[in-house]
Amino acid sequence: MPCVTLRENTERPITVECGANTVVGRDPKAILSACNAILKGSARDIRTPLLWDGHAAERIVEIIARAFA
């Protein structure tokens, strides 16, 4: 699902690069435009960033387990 960030920046720029997020600031016209684009289905294609697959915890546990093995 696309995201609209109502700030001037994001600490996760990869979300903008992959098309999952649009940073619009606090301008009501920009907010409405971005939301309308999403609702009309004309938002950008969304790519999942590398390693954002929901398995981060599993990878972390594996790394810790190897370190203490």
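As shown above, the structure is provided for reference.
These lines cover the structure that appears in this document, whether it is placed above or below. Owing to the predicted nature of the structure, the values given are computational and were not obtained by experimental measurement.

If you trace the backbone, threonine 5 turns up in strand β1 (residues 3-5). Only 2.8 Å separates the side chain of threonine 5 from the side chain of asparagine 21, close enough to count as a polar contact. The contact partners of threonine 5, leaving out residues within four places of it in the chain, are Asn21, Thr22, Val23, Val24 and Gly25.

Its location among the elements puts valine 23 in strand β2 (residues 21-23). Sequence-wise, valine 23 and glutamate 62 are 39 residues apart; in three dimensions their C-alpha atoms are separated by 35 Å. In this view, valine 23 contacts Thr5, Arg7, Glu8, Asn9, Thr10 and Val16; residues no more than four positions away in its chain are not counted.

Cut-offs and rules
Position numbers for residues count from 1 along each chain, tracking the sequence in the order it is written. In view of the model being predicted, local features appear only for residues whose pLDDT reaches at least 70, and side-chain atom pairs are presented and counted only at 80 or more, with totals across whole chains, interfaces and linings using the full set of residues. With hydrogens and water stripped out, all remaining heavy atoms of the structure feed into the side-chain values. Secondary structure elements are taken from DSSP: a helix is a run of H or I of four residues or more, a strand is a run of E of two residues or more, and numbering for both begins at the N terminus. Polar contact is the term for a pair of N or O atoms within 3.5 Å; when the atoms are in protein, one must be able to donate a hydrogen and the other to accept it, and sequence-neighboring residues count only if both atoms are side-chain atoms. By the convention used here, residues are in contact when the closest approach between their heavy atoms is within 4.5 Å.

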